[in-house]
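Listed below, chain by chain, are the residues.
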Amino acid sequence: MMERTFLDRQIERIAPAFYRRRLAARLEIEMMREARQAYDGATRGRRAAGWRAAGTDANAEISRGGARLRNVARDMVRNNPHAARAVQVISEGVVGAGITPNFAGVNPSDLKRLNELKARHLETTAVDAAGKHDLYGLQNLAVRSLVESGEVLIRLRWRDRRSGLPLPFQIEVLETDYLDTSKDGETSSGNVIVQGIEFDKKGRRLAYHLYARHPGGIFPFGADFESHRVPAEEIAHLYRVDRPAQIRGVTWFAPVILRMRDFADYSDAQLVRQKIAACFAVFIRNTGGMGTLAGKGKTDAGNPIESVEPGMIERLRDGEEVSFGVPPQVEGYSEYAVTTLHEIAVGLGVDYASLTGDNRQSNFANSRMGWLRFHRSIESWQWGTVVPSACAPIGRWFMIAAQIEMGKYLPGVQMKWTPPRREMFDPGKESNAAREAILAGLTSRSAEVRKLGYDPEEMDAEIAADNARADRLGLKFTSDGRLQAAPAIGPDAPANTEDEKQ
């Protein structure tokens, strides 16, 4: 509560309106002072002098520094082993052997045909415009570029039905450099282009303006080299959305780029330091002529060759003295390396052991916690980014092409996606936990099968085929659930213990 001074009382008596304005201003100043005290991070003092508290949106920030960050990240992946490992670890976790498609809401005859087309087109190199990868190889390529560059474009290429392909389309993975970011501003139709992406008045994506060749390619650009407008329906734009209204992605290395560079420079400096120190083993001080320490002749420059041999005894001339170099010690390097690599792992969202291959820094419980946290991140990237932004568009393109090939409309058919099998940290305990959850009705068998990276319908078909073959050959296995008596439930169930029998 502010205290009223003698001056306040006099002003209130002479000019009440002015006094009220003065009081309001003083209250506002007091509230601002209290707010600064409540939020230390809002201070503008010396402690916060290095903060860049800009009020720009994500798109403005990416337009200014995105390209530079992307090129630096690519250099790191080429030359920094930990950066290369991070890309590999994330792509292996997210894609692995592939995020596989399966179909729902379809009758058996159409399902068989769709599975045949999937096997012949998506699971062969026919789907790749470059003819190098199947669908799962393209997924891995896209996720690697997503992590390294922050975004990647997947383009649909329609083909003539006479091309010999199982389905009349292919897909092409393009680096974000193909996007003509010089295209900015309002078009004559009233649409808006932001960094090469065209939006309508409601903010919906209409098109991407793409170059025909990579701007950094080995082929020189001609005078007529221009970008072309490609409908948004033919582009899958894969990037991680970190802020609302963000239209492009930023490299995942952004939070750790400087830390990784500093660590690499520090490691190189320590290595060079040891190399230089190792070059100076023996120093001979001579005040009375050339020395004779184990002379083995002369070098091309005419200098005597000196050496130290095991078990040697050498007499020195008067005035000669031998001293041995002491290489400098690299103190604290291991602790610094572990701390820094932990920070890098945290910034990338991976666990320390997967990034470095070092399992000495944690016990079983800590390793399991890190493993589980990493898999939570993987699931977030799969279902929050890759499946909706990349897999879903590819599924739509496949269904359009499949219906054209089959010559029929398939209403209600959905393409679902199953991520790769998650490696169990403790298979025995996790399998028992999944079994108990199914028996308790807390989950379905199909859901648990999908967690293992398998298609439930395909697994059921394989189990049925195995059982039929075993019956035909008269074979019995303990894995056959039909051979295990189901437990009786209810009041007529037999007693299991002596007490219950009594």
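Per chain, residue numbering runs from 1 following the sequence as it is written. Note on the predicted model: pLDDT of at least 70 is required for a residue's local features to be given, and 80 or more for side-chain atom pairs to be given and counted; whole-chain, interface and lining totals, by contrast, use all residues. For side-chain calculations, the full set of non-hydrogen atoms in the structure is used, while hydrogens and water are omitted.

Q: Explain the pattern of salt bridges to me, using residue names and the numbers behind them.
A: Definition used for salt bridges: Asp or Glu carboxyl oxygen within 4 Å of a side-chain nitrogen of Lys or Arg. Taken as a whole and assessed by the stated rule, the structure comprises 20 salt bridges. The salt bridge involving Glu-148 is made with Arg-74; its shortest N-O contact spans 3.9 Å. One end of the pair, Glu-148, is in helix H6 (residues 135-149); the other, Arg-74, is in helix H3 (residues 58-79), and 74 residues separate them in sequence. For the pair Glu-148 and Arg-74, one class covers both residues: buried. Here Arg-469 makes a salt bridge to Asp-466, at a shortest N to O gap of 2.7 Å. One end of the pair is Arg-469 and the other is Asp-466, both in helix H13 (residues 456-473) and three residues apart, which spans about a single turn. Buried residues are those whose accessible area, probed at 1.4 Å on protein chains only, stays under 20% of the maximum for their type, while exposed residues exceed 50% and partly exposed ones sit between those limits. When its relative accessible area of 39% is taken as the criterion, Arg-469 is described as partly exposed. Residue classification places Asp-466 among the partly exposed positions, given a relative accessible area of 39%. One salt-bridge network, in which partners are shared between bridges, spans Arg-70, Arg-74, Glu-148, Glu-175 and Asp-177. Elements are defined by DSSP. Helices are runs of H or I of four residues or more, strands are runs of E of two residues or more, and each kind is numbered from the N terminus.

Q: Any details on the sheet that holds strand E2 (residues 151-158)? Residues and values, ideally.
A: In this scheme, strands are said to pair when DSSP sees at least two bridges between them. With respect to topology, three strands assemble into an open sheet ordered E3-E2-E9, the strand pairing being antiparallel. Pairing within the sheet leaves two strands with one partner each, and these edge strands are strand E3 (169-175) and strand E9 (235-239). On average, adjacent strands in this sheet sit at an angle of 20° to one another, irrespective of strand direction. Two strands pair when backbone bridges link them, and E2 and E3 are joined in this way by seven bridges, in the antiparallel orientation. Counterpart to Arg-157 in the pairing with E3 is Gln-170. Structural elements are reduced to axes, namely lines fitted to C-alpha atoms, with helices fitted over the stretch in contact, and the angle between N-to-C directions of any two is expressed from 0 to 180 degrees.

Q: Go over the nonpolar core, please, and point to the residues and values.
A: Nonpolar cores were defined as sets of buried Ala, Val, Leu, Ile, Met, Phe, Trp, Tyr and Cys residues, with membership established by side-chain atoms within 4.5 Å. Residues Leu-114, Phe-169, Ile-171, Phe-253 and Phe-398 are the most contacted members of the largest nonpolar core, which totals 66 residues. In terms of residues, this core owes the most to one element, helix H10 (residues 364-406), which gives 14 residues. Formed by 12 residues, the second largest nonpolar core is a distinct cluster that contains Leu-153, Leu-174, Tyr-178 and Tyr-208.

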